[in-house]
Amino acid sequence: MVQSLNSKVDLVEKGEFLTGLPTYGKILIGDKGFEYYNEKNVNDFIQIPWDQVDHVAASVLFNKTISRFAIFTKHNGAFTFSSRDNKKVLRAVNKYIESEKLVRSLSFFDVFKLGFKSIFRKIFRK
C-alpha cells in the first residue's frame, strides 16, 4: 500500500487520469499536494507536491463548462485529469496554488489561429 503524501485531506473526488487510455480512480486534494490513486491497481498512483506545481490549465467549453484540467510540474511535464465536478476540484486546488497559476487553456480555434499566423509570418518575412 502506498503512503499518502497529505496529512490532512480537503477533498476526495472520483476522477480519471487521461493518457492514451483513461484510468479511473480517486483524486485527493490535501495540505501537502495533489494525489491520484487508480482504483484497480494500487501501484498506479501520482503524487504531486504543491511546491512542484508550475501552473494548472483548465479546458473551458462555451465559457461555462470545465471538461478537464492539466497540472504542469516544474520537472516532470504535464498530467491531465478529469473528475465528476472539475470546478470543485479546482476550487480546492486554488487554496494551495495562487490564482495567477490557474489559467485557461487555449481552445481549438485559438491554436488554429496561432498556427495560421505563424505560417503567414514565415511566408511573408522572406
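Located above this text is the structure these notes cover.
In this text the structure is predicted, and so the values were computed from the model without any measurement. (Residues numbered from 1 in each chain as written. Predicted model: local features only at pLDDT ≥ 70, side-chain atom pairs only at ≥ 80, totals over all residues. Heavy atoms only, no water.)

Q: Is there a simple way to think about the packing of aromatic side chains in this case?
A: Under the defined criterion, the tally for this structure stands at 12 aromatic pairs. Measuring from centroid to centroid gives 6.3 Å for F34 and F69, while their planes differ by 85°, and the two rings are edge-to-face. Here F34, found in strand 3 (residues 33-38), pairs with F69, found in strand 6 (residues 65-73); they are 35 residues apart in sequence, far enough to count as distant. Here the aromatic residues F17, F34, Y36, F69, F79 and F81 are joined through ring pairs into a cluster of three or more. (Phe/Tyr/Trp six-rings, centres within 6.5 Å; stacked < 30°, edge-to-face > 60°. Helix = DSSP H or I, 4+ residues; strand = E, 2+ residues; numbered from the N terminus.)

Q: Would you mind showing me how to read the environment of E39 here?
A: Mapped onto the secondary structure, E39 falls in the loop between strand 3 and strand 4 (45-49). Accessibility expressed as a relative area gives 52% for E39, which makes it exposed. Along the chain, E39 and D51 lie 12 residues apart, while their C-alpha atoms are 26 Å from each other. If we ignore the near neighbours within four places in the chain, the residues touching E39 are Y24 and G25. (Buried < 20%, exposed > 50% of the residue type's maximum accessible area, 1.4 Å probe, protein only. Contact = heavy atoms within 4.5 Å.)

Note that all results are geometric; they support no functional claim without further evidence.
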